[in-house]
Amino acid sequence: MASATAMSTPSPTVLEKAGLALANVVYEKKGSIAYVTINRPNVLNALNTPTWKDLRTAFEDARDDTSVRGAILTGAGNKAFIAGADIGELAHVAAFEAEQSSRFGQEVLDLIENLGKPVIAAVNGFALGGGCETAMACTIRLAVETARFGQPEVTLGLIPGGGGTQRLPRLVGKGRALQLILSGEMISAQEAYRIGLVNEIVPAADLITRAEAILKKIASNAPIAVKFALEATNNGLDTSQGEGLLLEASYFGLCAATEDKKEGTTAFLEKRAPQFRGR
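Not measured: the values here are computed from a predicted model.

Peer 1: Got a minute to help me understand the overall build of the chain in this structure?
Peer 2: Within the chain one finds 11 helices and 12 strands. Taking 19 Å as the expected radius of gyration for a compact globule of 279 residues, we find that the chain reaches 19 Å, a close match to that expectation. For the chain, the spread of C-alpha atoms along the three principal axes comes to 60 × 45 × 40 Å. Expressed as a percentage of the 279 residues in the chain, the buried residues total 47%. Once local pairs closer than 6 in sequence are excluded, the contacts in the chain between residues at least 24 apart make up 68%. Carbon and sulfur atoms make up 56% of the accessible area of the chain, which amounts to about 13,600 Å² in all. If you average the places of the 28 positive and of the 30 negative side-chain charges in the chain, the two averages end up 6 Å apart.

Quick look at the structure:
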């Protein structure tokens, strides 16, 4: 998770509603959607420790706010989603510090992946190293035509440290993942779409609008069912198919006990739109 960038300290962004003071992330909530924007465009939104902490703070708030039904994660400017780790910081870490930094980044991305709500990565440019890893932790990935993806860590004498060796094979298959990880090559949005790393390629002018449309469609469904579907999929991938099927059946049963299930089936039989309440 690396990119050749320098340190930067932009002025703090304050979200009065949530009481958050974030130096490197702009965090807003509009309706049922949380918008998380990494705000270091002068260094292509590179990830340093303060930025990782800001991401954790923002997504913890999005997780805990019951009015939030989904989130959009993007980068400031029109060049980069996240170009990678901040090399100005990474160059000076020793082995133990590097391991701790890797674990912290992994924990933040686990938070995003297991938020219980969909998170859409709106990839508006370079998504390299930690940027590619961050996008992979999101539920859905949209990319502009000029976006570029890659895991270039081996070119710096490192390996991916934010989940790249684990999430990339799960998304695109072991062989293609290893080719990207071992070569450090960068691929186009079109190639990322072809191999299944990206869900859709979207014109730059429509990127956020399309992400909003997807989230609004998801938000029209029963929130408990959405949460359990995410959990069954994410947790089931770490088990055998048989264990995953048992997990699915368990979540299916839990959904059947909700008021939303009764409302959904009743609305279908009555030929009307359901009014889900998250119960």
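Structure shown, so let's carry the discussion forward.
Peer 1: In this structure, what is going on with the sheet that holds strand β11 (residues 186-188)? I would like to understand it.
Peer 2: Working definition: the strands of a sheet are paired by backbone hydrogen bonds and lie parallel or antiparallel to each other. The strand order across the open sheet formed by four strands is β6-β8-β10-β11, and the pairing between neighbours is mixed. Edge strands, defined here as strands with exactly one partner in the open sheet, are β6 (80-82) and β11. Shown here is a sheet whose adjacent strand axes are inclined to one another by a mean of 20 degrees, direction ignored. Looking at chain direction, β6 and strand β8 (residues 126-128) are connected through two bridges and run parallel. Within β8, the position partnered with Ala80 by the bridge is Phe126.

Rules and cut-offs
- Here the residue numbers are simple positions, counted from 1 along each chain's written sequence.
- For a predicted model such as this one, the threshold for reporting local features is a pLDDT of at least 70, and the threshold for listing and counting side-chain atom pairs is 80 or more; totals across whole chains, interfaces and linings nevertheless cover every residue.
- Excluding hydrogens and water, the side-chain figures rest on all heavy atoms present in the structure.
- Numbering goes from the N terminus for both helices and strands, where a helix is a DSSP run of H or I of at least four residues and a strand is a run of E of at least two.
- Computation of the radius of gyration draws on C-alpha atoms, with the globule rule given as 2.2 Å multiplied by the number of residues to the power 0.38.
- Per-residue accessibility, obtained with a 1.4 Å probe over protein chains only, is compared with the maximum for each type, and a residue is labelled buried under 20%, exposed over 50%, and partly exposed between these values.
- Between two residues, a contact is recorded if the distance between any of their heavy atoms is within 4.5 Å.
- Here the open area of atoms and residues is found with the Shrake-Rupley method and a 1.4 Å probe, where only the protein chains shown may cover a residue.
- Note that His is not counted, nor are the chain ends; the positive residues are Lys and Arg, and the negative ones are Asp and Glu.
- We put the charge of a Lys on NZ, of an Arg on CZ, of an Asp on CG and of a Glu on CD.
- In this analysis, strands are considered paired if DSSP registers two or more bridges between them.
- For helices, the fitted line uses only the C-alpha atoms of the stretch in contact; every axis is such a line through C-alpha atoms, and the angle between N-to-C directions lies from 0 to 180 degrees.

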